[in-house]
Every structure is written in structure tokens, then in C-alpha cells.
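One-letter residues, chain by chain:
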Amino acid sequence: MLRVTTASLCTYCQRMRVFLPPSASASTLTSPNKRLENQLTVDSLYELSVDVRKVRKFKAWILSENEVYVSETADLLRDMGADATIIARILETHPEAVLCRPTDVAAQRDLWKTVCPNKRELMSIIEKFPASFFTLSHQNNQRANILYLQSLRLNKRIIGKLMASAPQSFSRPVELNKEVIHTLRETYLDLGGDEGNLRLWLQKLLSQNPHILLRPAEAWRDSLGFLREQGFTTEELLSLVSSLRASIAELRPESMHQALAYIEGALACSKDELKQIVIRCPAILYYSLPTLTGRLQGLMDAGVSLEQVKASPNVLELTTQIVLYRIQKLASYGYDVRSGSLDVIVGTKKDFEMTHGKLHLRQQRPLFNPVAPLRSAED
């Protein structure tokens, strides 16, 4: 009788535990060595359909904070056009948002609206980059950097993308960004660029690599100085800078020297041939030596000749796996890459699909015989 009663009691307890509200069991999920969770925070997040388990797994400390603004943050996001699903997603991705004071968030909203006045577009940016929006420190620096970039007549979309993708560049003093922009301007003009196209060139660089402002100005000078020493003309350097986007500031003379020396020796090319190879495939400058070695060896193993690589050096932009897949794909249509040009396998996935699609159609379409008698539909 006692055993039956005990078993029934245990079953009853287990059933009751299932029906308890989330807040009632939250404290039991907190180990003795951790701070107790703020039940008000937990309940408020549950009401907003936030996955508290996810927050507890990755940012558990937030649930223990006393000064939180869950409903206030949700109200601000709602006023900006966010629906319940978006609010829940933002608070799951960046739960630190509930620790921000509402007055600071409102000030940040007004600041971001100066570069993105469209409410829907602004909400889309915040949804993708909540950490950038809710980084409320150094708002004075943010405001100064926004005003400076606007004074350059840069597109508001470009500035908004920079704020979202590289918030660190807006949190630092505006003088540092001015120095980098000044160096970029000098570089462009020294290489023969036109003053009238400077703004568009800057916008292109900034949009392609939002972290460009975080690179020290000296890095640009060192990289370009090395390439000048290799014999590249100002026109060729401008082409390289535009092709490499802002990545040229991330290149080190030592690594570029290793890459160039390897390609020159492996392809047995002259200095002039090496320059043309680099102009056609600028990525060679920032690939590491093991990457270049592995990709060239993969091409050799696939039966490709060095002359073919020299004629189509941008094949080195593809991984060995992609090269092998494309070679096999073309082989299924009867095209042997080893006896032709490698240009058919280079390019993006979309480029290659168009190429092998044409080959497939050519294989299926019957040849037209101009002297064959025409047949009518009745025949």
C-alpha cells in the first residue's frame, strides 16, 4: 500500500511540474554557484515569446541583472515598426538590448534616422545588426563621424551600411577616420584618379569593405610602396586598388613578396608576364603560400598544364574541389578542359552555369543541314 501511494505521489508531482508556469521553475534551473535569475525579466521575455532557453544558454548573466528594460525596449521597437516576431528575434539574438536605458535607445534611434529616415529600412537594418544598434557608448563620436561622412556627400545608404557592419569605426574619434579618408584621397589622386570621380570611388571602396576605416593609413602606403617597387605603373596600381577593393590595406609586403616569388617560379614566367598575371588575378597577392601551392598542385593533378594556368590565372581563385567538380561536369558534355582553355571553368557559379548550359544545349540541338529537303507538318 505504501509503495503504491509513493508511486502515485511521484507521478502526481511529475504531472504538476509540467503545468507550472516558466517563472516558477526558473530558479531551479540556476545552479547554486550562479546568481538567481530575475523572475520579472524571465516572465517579461516569455510574454514576448522570446526563447528564454536560448538566452539562458548563451547569455545567462543577463537574466540575473536587476536593472532591465524589457517592456520599454519592446515598446520602442514596436514604435519603430517591428512586429512581435521581429521583437522576439532581436531580443534572442542580442538580449543585451534589455539592459539599455530607454532614453539612450531613443537617442540612438534619432541618430540612426539621420542616415536612414525610412522606418521600414531602418528596422530591417536593426533586425540584421542588433548589436550595432544597441551599442550605445560613444554616441558623441558616432554623431561626429556621421556629420563628417555626410560632409563628403557620401550616399546615406553607404553610411548606414558602415554603421551597421563596422560600428567600431563610428565609435572611435572622428580624427582617425579623417586621416584614413585623407590617405585614400591622396592615393587615388596620386594614381591618376580624377577628382570628379573621387566620391564615387570612395563609396565603392566603403561599400565593398565596411572595415576599411579601421585599417591604419600607414598600411595603404606600405602596400602601394611595395607594388611600386615591383614595377607596376600608376594606371596598373589604380586598377589593382579598385580590383582588390579595400583589401589592399590588409596586405603585408612580406606575404605579397612570397606569393609573387612562388608564382614566378612555379609558372616559369618573366617579370612582365608576372605583372600581367597579377593584373588578371589580383587575388594572388592576398592568398597565402599554402593556399596557392595547394590549388596549383590540384590543377596539376587534374591534368591541367602550367601554360593553361598562365593563360587563365584567375583559375587560382577557385578551390580544388570546385575545379574538379566543374571539370567533371564539362566532361559529361564531352568537353575536355585539358585540351582547351580554362576560361570555361572560371568565374562565379552563375557564370559557370551559363557556360555549361550552352554546351548542354549545343549537345542536344541537332545540326541544321541547309541542303536537306524541308518536310511539312503533314508529312
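What you see is a predicted model, and the numbers here were worked out from it, not measured in a lab.

On a plain count of helices and strands, the chain comes out with 22 helices and zero strands. Residue burial in the chain is summarised as follows: out of 379 residues, 40% are buried. Restricting the contact set of the chain to residue pairs at least 6 apart, pairs at least 24 apart contribute 71%. Accessible surface for the chain amounts to roughly 21800 Å². Of this, 54% is attributable to carbon and sulfur atoms.

Attention now goes to the packing of aromatic side chains. By the definition in use, this model includes four aromatic pairs. Here the aromatic rings of Phe 133 and Phe 134 are separated by 5.0 Å at their centres, their planes lie at 90°, and the arrangement is edge-to-face. A residue is classified by how much of its surface remains accessible, and Phe 133, at 0% relative accessible area, is buried. Overall, the relative accessible area of 5% leaves Phe 134 in the buried class.

Turning to unusual backbone geometry, a few remarks are in order. A positive phi angle, close to 60°, is found at His 138, a residue other than glycine. Within the fold, His 138 resides in the loop between helix 9 (130–133) and helix 10 (139–151). A positive phi is found at Arg 153, a non-glycine position, where the angle reads about 60°. By secondary structure assignment, the location of Arg 153 is in the loop between helix 10 and helix 11 (156–165). Taking the relative accessible area as the measure of exposure, Arg 153 reaches 56% and is therefore exposed.

Turning our eyes to something else, we now look at the pattern of salt bridges. Taken as a whole and judged by the stated rule, the model has 13 salt bridges. Between Arg 56 and Glu 37 there is a salt bridge; the shortest N-O distance is 2.7 Å. Here the residue Arg 56 occupies a position in helix 4 (residues 52–58), and Glu 37 occupies one in the loop between helix 2 (22–26) and helix 3 (39–47), the gap between them amounting to 19 residues. Residue Arg 89 pairs with Glu 127 through a salt bridge whose shortest N-O separation is 2.3 Å. Pair noted here: Arg 89 is in helix 6 (residues 84–93) and Glu 127 is in helix 8 (residues 119–128), with a separation of 38 residues, a long-range link. Classification of Glu 127 as partly exposed rests on a relative accessible area of 26%.

A few words now on the packing of helix 7 (residues 102–113) against helix 10. Packing of helix 7 against helix 10 leaves a shortest axis separation of 11 Å and a crossing angle of 10°. Classed by the angle they form, the pair helix 7 and helix 10 counts as roughly parallel. Contact residues: Asp 104, Ala 107, Gln 108, Leu 111 and Trp 112 in helix 7; Gln 139, Gln 142, Arg 143 and Ile 146 in helix 10. Taken together, the residues of the contact of helix 7 with helix 10 sort by class into four nonpolar, three polar and two charged.

Take the packing of helix 17 (residues 253–266) against helix 18 (residues 271–280) next. Across the interface, helix 17 lies against helix 18 with an axial gap of 10 Å and an inter-helix angle of 115°. Handedness of the crossing formed by helix 17 with helix 18: right-handed. Residues Leu 260, Ile 263 and Glu 264 of helix 17 lie in contact with helix 18, whose contacting residues are Lys 271, Leu 274, Ile 277 and Val 278.

Those residues of helix 8 that sit buried are Leu 122, Met 123 and Ile 126. Seen end-on, helix 8 carries its buried residues on one side only, within an arc spanning 100°. With respect to the buried face of helix 8, the exposed residues turned more than 90 degrees away are Arg 120 and Lys 128. On the buried face of helix 8, the contacting elements are helix 5 (70–79), helix 6, helix 7 and helix 9. One side-chain oxygen at the N-terminal end of helix 8 lies 3.0 Å from the backbone nitrogen of Arg 120; it belongs to Asn 118.

A few words on the confidence of the model for the chain. Looking at the chain, pLDDT values average 84 and 84% of them are 70 or higher. Of the regions scoring below 50 in pLDDT, residues 364–379 engages in zero contacts with residues more than four places distant in sequence or in other chains.

Procedures and definitions
Residues numbered from 1 in each chain as written. Predicted model: local features only at pLDDT ≥ 70, side-chain atom pairs only at ≥ 80, totals over all residues. Heavy atoms only, no water. Helix = DSSP H or I, 4+ residues; strand = E, 2+ residues; numbered from the N terminus. Buried < 20%, exposed > 50% of the residue type's maximum accessible area, 1.4 Å probe, protein only. Contact = heavy atoms within 4.5 Å. Areas by Shrake-Rupley, 256 points an atom, 1.4 Å probe, with all protein chains shown as cover. Phe/Tyr/Trp six-rings, centres within 6.5 Å; stacked < 30°, edge-to-face > 60°. Salt bridge = Lys/Arg side-chain N within 4 Å of Asp/Glu carboxyl O. Axes fitted to C-alpha atoms, helices over the stretch in contact; angles between N-to-C directions. Parallel < 35°, antiparallel > 145°, perpendicular 65-115°, else oblique. Nonpolar A, V, L, I, M, F, W, Y, C, P; charged D, E, K, R; others polar. Left-handed = near helix turned anticlockwise from the far one by under 90°. Arc of directions from axis to C-beta. Polar contact = N/O pair within 3.5 Å; in protein donor to acceptor, adjacent residues only side chain to side chain. pLDDT = per-residue confidence, 0-100.

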